[in-house]
Amino acid sequence: MFCKNCGKEIDDNATVCVYCGVATGKQATVLEESKKANGFGIAGFVVSLVSLWLGMYFMIASIVGLVLSIVGMVMAKKCTSCNGLAIAGFVIGIISLVIWAIVWIVVGAALIGLTT
Ligand SMILES: [Zn+2]
């Protein structure tokens, strides 16, 4: 494509003209960032959701899901529309963590009660 400012030929995927530095109007970088953020958000959402079931064996899954969701949320800051899954993953991650923390405390207390 050609730069709309200086008219020189530049890469089709360029977001700014290499000759004059003017933005081409293509927001490839932002789009890519959003995709990445979405990836983290989706991963966080899925891992958090899975951790709801696997928390008993892998409480670490809740923490991983939470961390992935937070990364997704931070990265998707520029793009509020693709932030949904990251926020959902974050909320589910917290719920999963709280549920399993309570379960472990109850189980732990029960076990201590049995042994004493
Ligand atoms: Zn230019």
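Now for a description of the structure that goes with this document. (Residues numbered from 1 in each chain as written. Predicted model: local features only at pLDDT ≥ 70, side-chain atom pairs only at ≥ 80, totals over all residues.)

## Some thoughts on the overall build of the chain
Part 1: A count of helices and strands for the chain gives 3 helices and 0 strands.
Part 2: Scored against the burial criterion, the 116 residues of the chain give a buried share of 27%.
Part 3: Across the chain, contacts joining residues at least 24 apart in sequence account for 52% of those joining residues at least 6 apart. (Helix = DSSP H or I, 4+ residues; strand = E, 2+ residues; numbered from the N terminus. Buried ≥ 20, exposed ≤ 12 C-beta atoms within 10 Å, placed from the backbone. Contact = placed C-beta atoms within 7 Å.)

## What to know about the environment of Ser48
Part 1: On the secondary structure map, Ser48 appears in helix α1 (residues 28-54).
Part 2: Considered as a pair, Ser48 and Gly93 are 45 residues apart in the sequence and their alpha carbons are 4.7 Å apart.
Part 3: Those residues in contact with Ser48 that sit more than four places away from it in its chain are Ser62, Gly65, Leu66, Ser69, Gly89, Ile92, Gly93 and Ser96.

## A short note on the environment of Val50
Part 1: Summarising the element assignment, Val50 is placed in helix α1.
Part 2: The partly exposed category is assigned to Val50, around which 17 C-beta atoms lie within 10 Å.
Part 3: Here the alpha-carbon distance between Val50 and Gly65, two residues 15 residues apart in the chain, equals 8.7 Å.

## A few points about the nonpolar core
Part 1: Formed by Phe40, Ala43, Phe45, Val47, Ala61, Leu66, Leu68, Met75, Leu85, Ala86, Phe90 and Ile92, the largest nonpolar core amounts to 12 residues.
Part 2: With residues up to four places along the chain from it excluded, the contact list for Leu85 reads Gly41, Ile42 and Phe45. (Core = buried A, V, L, I, M, F, W, Y, C linked by C-beta atoms within 7 Å.)

So, to be careful, I would describe these as geometric facts and stop short of saying anything about function.
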